[in-house]
Amino acid sequence: MDKTIENILIIGSGPAGLTAAIYAARANLNPLMIEGEEVGGQLMTTTDVENYPGFPDGVMGPDLMTLTRKQAERFGTRFVSSNVSKVDFSSRPFKVWVSDKEYQANAVIISTGASATYLGLESEKTFLGKGVSACATCDGAFFRNMNVAIVGGGDTAMEEALFLTRFAKKVMVIHRRDEFRASKIMVDRVKAHEKIEILWNTQLVEILGDTLVKSIKVKNTQSGEEQGLPMDGVFIAIGHRPNTSIFKGQIEMNDQGYIETKSKSTYTSVDGVFAAGDVQDHVYRQAISAAGTGCMAAIDCERWLTENS
Ligand code: NDP
């Protein structure tokens, strides 16, 4: 075991973690970030980000994260490009493992974000990576001049449906209700797009194919009627769940597994452990709000370290 005790260990490298790292590094706290194997978080699978302040013409998600990481590095953040396998927050210094390597830290900032949810169909698993995807940005280009379906009615589904029109011949949005929950501007764009067709009150019940997806079976939630549709790709955009399984039993979470933070702060149920970004926010879930709470976590952490060391 390395005997060094880190000041601040940051787990997760999305906008929240990287912003915390920028603030902690500029406060001379020499943060160590365990950035994971999939560096950069959810923005790495997003195309145009039009609502991040400072980019009047928009910015590509991966570019934004590359720039933010560079900024954190510039002030001295150190990075470990692996996943955390286990933590022990029962006593200080806190312990964090990456495989069998143990790290110790006086304070920890958790910013592990959230991941895509799937419908839970057996056939969805069978065809994952063979026509089924939860990331249009990553896989949309494989479906040039093909027919694709996207499941969901939130902003992600709208954004991905619009993105897919750049490649696909036709995009079918499948939604279980008769109304989208996405923001009006996105809904208007989707409804107006000539390549997009919307199937309301419809559930995807099965994905069929051989080595690749060939068709889908959908069911009308009102009539119960089922129909088969030829389809080359299926994109699932039905939300996300927090990446908190390694923290189970170590820290307080809500029923959905989001880490509980104390009112107007990033303090968690464990003194010295802070949480920022989507891992503790199921309401706003924006890059800018994640970055904002990352900043708060670094400041909370810095003050806590001053008082507790
Ligand atoms: P949301 O939770 O907003 O939407 C999930 C959608 O999936 C809903 O329409 C929901 O249906 C549907 N759904 C959930 N479970 C199932 C299921 N089992 N079967 C069928 N459909 C299902 O998630 P998003 O990922 O779209 O967005 C998350 C947050 O991120 C939101 O706050 C959103 O505004 C924000 N966001 C903002 C963007 C931007 O501003 N550029 C881009 C992307 C996301 P129902 O409506 O019936 O519940």
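Visitor: Before we move on, can you summarise the packing of aromatic side chains with the specific residues and values?
Guide: Following the criterion strictly, the structure yields eight aromatic pairs and no others. Ring centres of Phe 163 and Phe 167 lie 5.3 Å apart, and the angle between their planes is 70 degrees; this geometry places the pair in the edge-to-face category. By relative accessible area, which is 14% here, Phe 167 ends up buried. Pairing Phe 274 with Trp 304 gives two aromatic rings, centres 6.3 Å apart and planes at 75 degrees, and the pair type is edge-to-face. Here the residue Phe 274 occupies a position in strand S19 (residues 273-275), and Trp 304 occupies one in helix H7 (residues 287-308), the gap between them amounting to 30 residues. When sorted by exposure, Phe 274 lands in the same class as Trp 304, which is buried. Put simply, the rings of Phe 89, Phe 94 and Phe 247 touch in pairs and so form one group of aromatic residues. One residue, Lys 101, lies across the ring of Tyr 103, its end atom 4.9 Å from the ring centre.

Visitor: Which residues make up the packing of helix H1 (residues 15-26) against helix H2 (residues 61-74), and what values do they have?
Guide: A pair of packed helices is captured by two measures, namely the crossing angle of their axes and the spacing between those axes. The interhelical angle for the contact between H1 and H2, taken along N-to-C directions, is 25 degrees, at an axis separation of 8 Å. Of the possible angle classes, the one that applies to H1 and H2 is roughly parallel. The interaxial crossing formed by H1 with H2 has left-handed handedness. Residues Pro 15, Leu 18, Ala 21, Ile 22 and Ala 25 of H1 form the contact with H2, whose participating residues are Met 65, Thr 68, Arg 69, Gln 71 and Ala 72.

Visitor: How would you explain the state of the cysteines if you had to name every residue and give the values?
Guide: Put plainly, a disulfide is one covalent bond tying together the sulfur atoms of two cysteines. In this structure the tally under the stated criterion is zero disulfides. Cysteine Cys 295 is unpaired, with the sulfur of Cys 301 as its nearest cysteine sulfur at 12 Å.

Visitor: Describe the packing of H1 against H7, listing the residues and the values that go with them.
Guide: Look at H1 against H7: their axes get within 7 Å of each other, and the N-to-C directions meet at 35 degrees. The chirality of how H1 crosses H7 is right-handed. Every residue of H7 that contacts H1 at Pro 15, Ala 16, Thr 19, Ala 20, Tyr 23 and Ala 24 is listed here: Ala 287, Ala 290, Ala 291, Gly 294, Cys 295, Ala 298 and Ile 299. Its residues assigned to classes, the contact of H1 with H7 shows 11 nonpolar, two polar and no charged.

Visitor: Can you break down the nonpolar core residue by residue, with the values?
Guide: Ile 8, Ile 10, Ile 109, Cys 301 and Leu 305 are the most contacted members of the largest nonpolar core, which totals 30 residues. The greatest single-element share of this core, amounting to eight residues, is contributed by H7. Setting aside its immediate chain neighbours within four residues, Leu 305 contacts Asn 7, Ile 8, Leu 29, Asn 106 and Ala 107. Residues Leu 9, Ala 105, Val 108 and Ala 275 belong to the second largest nonpolar core, which totals 23 residues.

Visitor: Could you give an account of unusual backbone geometry, naming the residues involved and the relevant values?
Guide: For the peptide bond that leads from Arg 92 to Pro 93, omega is -5 degrees, which places it in the cis range. Its place among the elements puts Pro 93 in the loop between strand S6 (86-88) and strand S7 (94-98). In the Ramachandran plot, Asn 30 falls in the positive-phi region, its phi being about 50 degrees despite a non-glycine side chain. Overall, Asn 30 belongs to the partly exposed group, its relative accessible area being 41%. Notably, Lys 264 is not glycine yet its phi reads approximately 55 degrees, a positive angle. Mapped onto the elements, Lys 264 comes out in the loop between strand S18 (240-242) and S19. The exposure class of Lys 264 is exposed, given its relative accessible area of 83%.

Visitor: Report on the sheet that holds strand S12 (residues 170-174), specifying residues and quantitative values.
Guide: In space, the five strands of this open sheet follow the order S10-S17-S11-S12-S13, with parallel pairing throughout. Single-partner strands in this sheet number two, and they are strand S10 (132-133) and strand S13 (196-199). The pairing of strand S11 (residues 147-151) with S12 spans five bridges and is parallel. Paired with Val 148 across the strands is Val 171, a residue of S12. Its contacts with the sheet place helix H5 (residues 155-164) against S11, S12, S13 and strand S17 (233-236), and it is angled at close to 170 degrees to S11.

Visitor: Run through the site of the ligand, naming residues and quoting values.
Guide: In the neighbourhood of the ligand, 18 residues make up the surrounding shell, with Gly 153, Asp 155, Thr 156, Arg 177 and Arg 181 lying closest. At 3.2 Å from a nitrogen atom of the ligand is found a side-chain nitrogen or oxygen belonging to Glu 159. Between an oxygen atom of the ligand and a side-chain N or O atom of Arg 177, the distance comes to 2.7 Å. Considering the ligand on its own, with 920 Å² of exposed area, one finds that the protein chains cover 77% of that surface. With three residues, H5 is the single largest residue contributor to the shell around the ligand. Residue composition of the shell around the ligand, by class: three nonpolar, nine polar and six charged.

The rules we used
Residues numbered from 1 in each chain as written. Predicted model: local features only at pLDDT ≥ 70, side-chain atom pairs only at ≥ 80, totals over all residues. Heavy atoms only, no water. Phe/Tyr/Trp six-rings, centres within 6.5 Å; stacked < 30°, edge-to-face > 60°. Buried < 20%, exposed > 50% of the residue type's maximum accessible area, 1.4 Å probe, protein only. Helix = DSSP H or I, 4+ residues; strand = E, 2+ residues; numbered from the N terminus. Lys NZ or Arg CZ within 6 Å of the ring centre and 35° of its normal. Axes fitted to C-alpha atoms, helices over the stretch in contact; angles between N-to-C directions. Parallel < 35°, antiparallel > 145°, perpendicular 65-115°, else oblique. Left-handed = near helix turned anticlockwise from the far one by under 90°. Contact = heavy atoms within 4.5 Å. Disulfide = S-S within 2.5 Å. Nonpolar A, V, L, I, M, F, W, Y, C, P; charged D, E, K, R; others polar. Core = buried A, V, L, I, M, F, W, Y, C linked by side-chain atoms within 4.5 Å. Pairing = 2+ DSSP bridges. Near = heavy atom within 4 Å. Polar contact = N/O pair within 3.5 Å; in protein donor to acceptor, adjacent residues only side chain to side chain. Areas by Shrake-Rupley, 256 points an atom, 1.4 Å probe, with all protein chains shown as cover.

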